[in-house]
Every structure is written in C-alpha cells, then in structure tokens.
Amino acid sequence: MQMNHEYAQEKASHSTRNAVTPMHVCLILDNNSLTDTVVQALDRAGRHRVTVFHDISELTQSTLTPDAILIGLQQFTALRENEPMVYLRLSRRSRIVVVLSSRELLDAAHILAFADAWVFEDINVDRINELLDLGLEGHCLMPKQFLSRLGVDEIRLTLLPRLSEPEFETLRLLGQGLNNRTIANQLDLSEAVIKSMVRSVLSKLHFRNRTEAGVFAARQQGALQSAREGMVPPHMHAAPAHRTGTS
C-alpha cells in the first residue's frame, strides 16, 4: 500500500474550479517541520493537489506524474547518486525543485545544476507558489545577496566552524599574504603540513585557489573569529531577487 498523504484543495466556486487547473505537486523533503510549512503555504494558494512522500523509494515506485517535485537537498543528492536512471525518468516528466538552506549553497553547487529551480527554506520558502510557477517555466528566483561577493562571504563565514584550529590559523595568515614557508614558521609546523592544510581550507570553504582564500580572509578579518566561535553573521534577509534561467 502506498504510504503517502494527499492534500486536495477544493475550489471556492464552480467558476474558479473551471478556470484554474490544479497543479499536482509531490513533496519529499528532509524533515517533517519543513514539509508542514510547505504544505500549509501551498494550501493557502488554494490551487494545488499535494502528495507527500516519506522517502526516495516511495517516489521511485510511484506511478504519479506530478507537474513539480519539491525535494530536499539530501533526498535529491541520494536520488542523483544512487538512482540516476530514476532521476532521468522523473526529470523528463516533471519539474524538479530542490529545497535547501542558504548555508548549503556552496556545498551543493555541483549538484544544483541538475534541478530546474531552487527554493531556500530560510529565505524565500514563503514565496513557494510564485517559485513553483516560475519553476514550471524553467526559471528560478535567485536571492540578490548570492549574486554579490559579500553575500558569498556570509555563507563562507557560517562554514568556518568546520575548520580545525591549525586550518583556521592558516586561513587567517593567508589573509596577511604570507607564503607557506612563513606560515609554517609562525605555526611551528612543517611546510608540507601547511601545504596540506591550505588544500583542506580551499576544499572545505569552496575556494578556487589560495589567492581567493587570502582575499576573503583579509576582507573579513574582523568577522573571522566571531564566526569561528559559532556566532552566525546577520541573517541574510530576503531581498528583491533576480529571475534566473536554469538549464
């Protein structure tokens, strides 16, 4: 027996019912709280038929053909990595919209290109109905702060706690323009160890090269320590967003 819950919105009048064809939306999100939030937002629009799945297996075994699939980042990653043929089948018949948090953006950049649109649960999930309409047209709303250098800096600041203490010190010294030998002398470590830690910093914070890492550290030197201690930068409030086409 299929383990899903279906929420059907009844139209307020016969004319409305005839004028608008309900959009069928399937949800498979990463937590129940987020699922409840999205279902309530969709219900308020009064024009969606919503099916909620609990895991990837329910989605892959279903014979439904929804207009859109709202899927959490973890679920989408599992689908792409473990069920590539299922992903291809679903992507041919439905628009796939990934729901993630802003701090996951850099980590997920390599996989988001395979979705039709993105929704950020901490920024614009309250606009889910508008975002779904755009997603069906092959567009998504990209929050303006992600298109700026400082916006990406804010995301990286939230990732600093993942660095070890020597890695954090290496990043800080990169911000002073020091080479590996000088950093090794200051931290009383071998140059080979510093070279390895630089690679780790670049990987964990998604820098393209050490110059980019050093510029970030210099630009954000006043915020590095507080971010390292887990003090999250000011919340990235939703701002006027740009419409951005997706592949």
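Our structure is the block above this text.
Just so you know, these numbers come straight off a predicted model, no measurement behind them.

## Focus on the pairing of strand β2 (residues 23-28)
Link 1 in the chain: Of all the 6 residues making up β2, 6 are buried; the element is thus mostly covered by neighbouring parts of the structure.
Link 2 in the chain: Neither face of β2 is open: one carries Met-23, Val-25 and Leu-27, the other His-24, Cys-26 and Ile-28, and all of them are buried.
Link 3 in the chain: Where β2 lies against strand β3 (residues 48-52), 5 bridges are found, and the strand directions are parallel. Directly across from His-24, in β3, lies its bridge partner Arg-49.
Link 4 in the chain: As a crossover connection, the stretch from β2 through helix α2 (residues 32-45) into β3 is right-handed.
Link 5 in the chain: Examined bridge by bridge, β2 and strand β4 (residues 68-72) share 4 bridges and lie parallel to one another. Looking at the pairing, Ile-28 lines up with Ile-71 of β4.

## Observations regarding α2
Link 1 in the chain: Under the 1.5 Å per step criterion, the end-to-end length of α2 is 20 Å for 14 residues, consistent within 8% with the ideal 20 Å.
Link 2 in the chain: For α2, the full list of buried residues reads Leu-34, Thr-35, Val-38, Val-39, Ala-41 and Leu-42. Buried residues of α2, viewed axially, fall in a sector of 165 degrees; they line one side. Away from its buried face by more than 90 degrees, α2 exposes Asn-32, Ser-33 and Arg-44.
Link 3 in the chain: The backbone nitrogen of Ser-33 lies 3.2 Å from a side-chain oxygen of the residue at the head of α2, namely Asn-31.
Link 4 in the chain: Taken from the residues just after α2, Gly-46 is the one with a positive phi, measuring 70 degrees.

## Observations regarding the packing of α2 against helix α7 (residues 128-136)
Link 1 in the chain: Contact geometry of α2 with α7 gives a least axis separation of 9 Å together with a crossing angle of 80 degrees. Between α2 and α7, the angle falls in the class roughly perpendicular. From α2, Val-38, Ala-41, Leu-42 and Ala-45 reach across to α7, where they touch Ile-128, Asn-129 and Leu-132.
Link 2 in the chain: Of the residues in the contact of α2 with α7, the class split is 6 nonpolar, 1 polar and no charged.

## A few points about the side chain of His-24
Link 1 in the chain: Tracing the backbone shows His-24 in strand β2.
Link 2 in the chain: Take His-24: its relative accessible area is 5%, and that puts it in the buried class.
Link 3 in the chain: Excluding its chain neighbours within four sequence positions, the residues that come into contact with His-24 are Arg-49, Thr-51, Leu-64, Thr-65, Pro-66, Asp-67 and Ala-68.

## Focus: the nonpolar core
Link 1 in the chain: Ranked by internal contacts, the top residues of the largest apolar core, which has 51 residues, are Ile-71, Phe-76, Leu-160 and Leu-171.
Link 2 in the chain: Considering each element in turn, this core owes the most residues, 6 residues, to helix α11 (residues 191-205).
Link 3 in the chain: When near neighbours in sequence (up to four residues on either side) are disregarded, Leu-171 contacts Leu-160, Leu-163, Val-201, Leu-205, Phe-207, Ala-213, Phe-216 and Ala-217.
Link 4 in the chain: Among the nonpolar cores identified, the runner-up in size contains 24 residues, and Val-39, Leu-70, Leu-132 and Leu-134 belong to it.

## With respect to helix α10 (residues 180-187)
Link 1 in the chain: Taken as a whole, α10 has its buried residues at Asn-180, Ile-183 and Ala-184. Looking straight down α10, one finds its buried side chains confined to an arc of 100 degrees; they lie on one side. α10 presents Arg-181 and Asn-185 as exposed residues on the side facing more than 90 degrees away from its buried surface.
Link 2 in the chain: Against α9 (165-174), α11 and α12 (210-219) lie the buried residues of α10.
Link 3 in the chain: Capping the start of α10 is the job of one residue whose side-chain oxygen sits 3.3 Å from the backbone nitrogen of Arg-181: Asn-179.
Link 4 in the chain: Count one or two residues on from α10 and you reach Asp-188, which has phi positive near 55 degrees.

## Structural notes on the pattern of salt bridges
Link 1 in the chain: On inspection of all chains with the given rule, the structure shows 10 salt bridges.
Link 2 in the chain: In this structure, Arg-208 and Glu-212 form a salt bridge, with 3.2 Å as the shortest nitrogen-oxygen distance.
Link 3 in the chain: Taking the relative accessible area as the measure of exposure, Arg-208 reaches 73% and is therefore exposed.

## Quick look at the environment of Leu-105
Link 1 in the chain: Mapped onto the secondary structure, Leu-105 falls in helix α6 (residues 105-112).
Link 2 in the chain: Each C-alpha atom, one on Leu-105 and one on Trp-118, is 10.0 Å from the other, the two residues being 13 residues apart in sequence.
Link 3 in the chain: Apart from residues lying up to four places away in sequence, Leu-105 is in contact with Leu-100, Leu-112, Trp-118, Phe-120, Phe-146 and Ile-155.

## Considerations on the environment of Val-97
Link 1 in the chain: Looking at the secondary structure, you find Val-97 in strand β5 (residues 95-100).
Link 2 in the chain: Judged by its relative accessible area of 2%, Val-97 falls in the buried class.
Link 3 in the chain: Those residues within four positions of Val-97 in sequence are excluded, and the remaining contacts are Ile-69, Leu-70, Ile-71, Ala-117, Trp-118, Val-119 and Leu-132.

Cut-off values and rules
Residues numbered from 1 in each chain as written. Predicted model: local features only at pLDDT ≥ 70, side-chain atom pairs only at ≥ 80, totals over all residues. Heavy atoms only, no water. Buried < 20%, exposed > 50% of the residue type's maximum accessible area, 1.4 Å probe, protein only. Helix = DSSP H or I, 4+ residues; strand = E, 2+ residues; numbered from the N terminus. Pairing = 2+ DSSP bridges. Right-handed = clockwise from strand over helix to strand, strands pointing away. Expected span 1.5 Å × (residues − 1). Arc of directions from axis to C-beta. Polar contact = N/O pair within 3.5 Å; in protein donor to acceptor, adjacent residues only side chain to side chain. Axes fitted to C-alpha atoms, helices over the stretch in contact; angles between N-to-C directions. Parallel < 35°, antiparallel > 145°, perpendicular 65-115°, else oblique. Contact = heavy atoms within 4.5 Å. Nonpolar A, V, L, I, M, F, W, Y, C, P; charged D, E, K, R; others polar. Core = buried A, V, L, I, M, F, W, Y, C linked by side-chain atoms within 4.5 Å. Salt bridge = Lys/Arg side-chain N within 4 Å of Asp/Glu carboxyl O.

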